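Letter by letter, the chains look like this.
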Amino acid sequence: MDQQNLALVSCGTEWDVVRKCICSAYFHQAARLKGIGEYVNSRSGMPCHLHPTSALYGMGFTPDYIVYHELVMTTKEYMQCVTAVDGLWLAELGPIFFSVKDSNLSRMEKKQATKKKLSQ
């Protein structure tokens, strides 16, 4: 840090900054929660599971979105080096692959609103 003349700055207890940084590097290896302990790769749709040695395994809380460093293939696809991330970060950092869907209205309500708008 001295060679580059950069100040050493700590995140303190703001771990979201570190998690967002990890998300920016691994957004292409993201997975979303499908069921109890089962995740689905967001790009390929391949089912994956948390590796038993992962820090998030057996924690009692399963985050909705995660990014991982590597997949290990045994009897199942296991994700290692897993970090919990926010789904909005994926849309912000990887807009080519991810987007935020507005789910306030159901499909039927959206169709009715579109028909009503076109008929006017």
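Below, the structure is looked at part by part. Because the structure is predicted, anything quoted here is derived from the model rather than measured.

Definitions and cut-offs
Residues numbered from 1 in each chain as written. Predicted model: local features only at pLDDT ≥ 70, side-chain atom pairs only at ≥ 80, totals over all residues. Heavy atoms only, no water. 1 Å grid on protein atoms, 1.4 Å probe; cavity = no way out; pocket = protein on both sides within 12 Å on 5 of 7 lines; lining within 4 Å. Points joined across faces, edges and corners; volume = space filled by probe spheres on them. Helix = DSSP H or I, 4+ residues; strand = E, 2+ residues; numbered from the N terminus. Buried < 20%, exposed > 50% of the residue type's maximum accessible area, 1.4 Å probe, protein only. Polar contact = N/O pair within 3.5 Å; in protein donor to acceptor, adjacent residues only side chain to side chain. Pairing = 2+ DSSP bridges. Axes fitted to C-alpha atoms, helices over the stretch in contact; angles between N-to-C directions.

**A few points about the layout of surface pockets**
To locate leftover empty space, one rolls a probe as large as a water molecule over the atoms. In this structure, the largest pocket encloses a volume near 230 Å³. What lines the largest pocket is Ser42, Tyr65, Gly87, Leu88, Leu90, Ala91, Phe97, Phe98, Ser99, Val100 and Lys101. The biggest single contributor to the lining of the largest pocket is helix α2 (residues 87-93), with four residues.

**Comments concerning the environment of Lys110**
Tracing the backbone through its elements, the reader meets Lys110 in helix α3 (residues 107-119). Separated by 18 residues in the primary sequence, Lys110 and Glu92 place their C-alpha atoms 25 Å from one another.

**Re the side chain of His51**
Position of His51 among the secondary structure elements: in the loop between β3 (47-50) and β4 (65-73). Accessibility expressed as a relative area gives 16% for His51, which makes it buried. At a separation of 2.7 Å, a polar atom in the side chain of His51 contacts the side chain of Thr53.

**Structural notes on the sheet that holds β4**
Judged by pairing direction, the barrel is mixed, and its five strands sit side by side in the order β1-β2-β3-β5-β4 before closing back on the first. This sheet shows a mean twist of 55 degrees between the axes of neighbouring strands, independent of strand direction. Bridging between β3 and strand β5 (residues 77-85) involves two bridges; their strand directions are parallel. Among the inter-strand pairings, His49 is bridged to a residue of β5, identified as Tyr78.

**Some points on the pairing of strand β1 (residues 30-35)**
With three bridges connecting them, β1 and β4 associate as antiparallel partners. By the bridge assignment for β4, Ala31 is matched with Ile66. With four bridges connecting them, β1 and strand β2 (residues 38-41) associate as antiparallel partners. Paired with Leu33 across the two strands is Tyr39, which belongs to β2. Between β1 and β2, which pair antiparallel one after the other, the connecting turn spans two residues, and Gly37 there sits at a positive phi close to 75 degrees.

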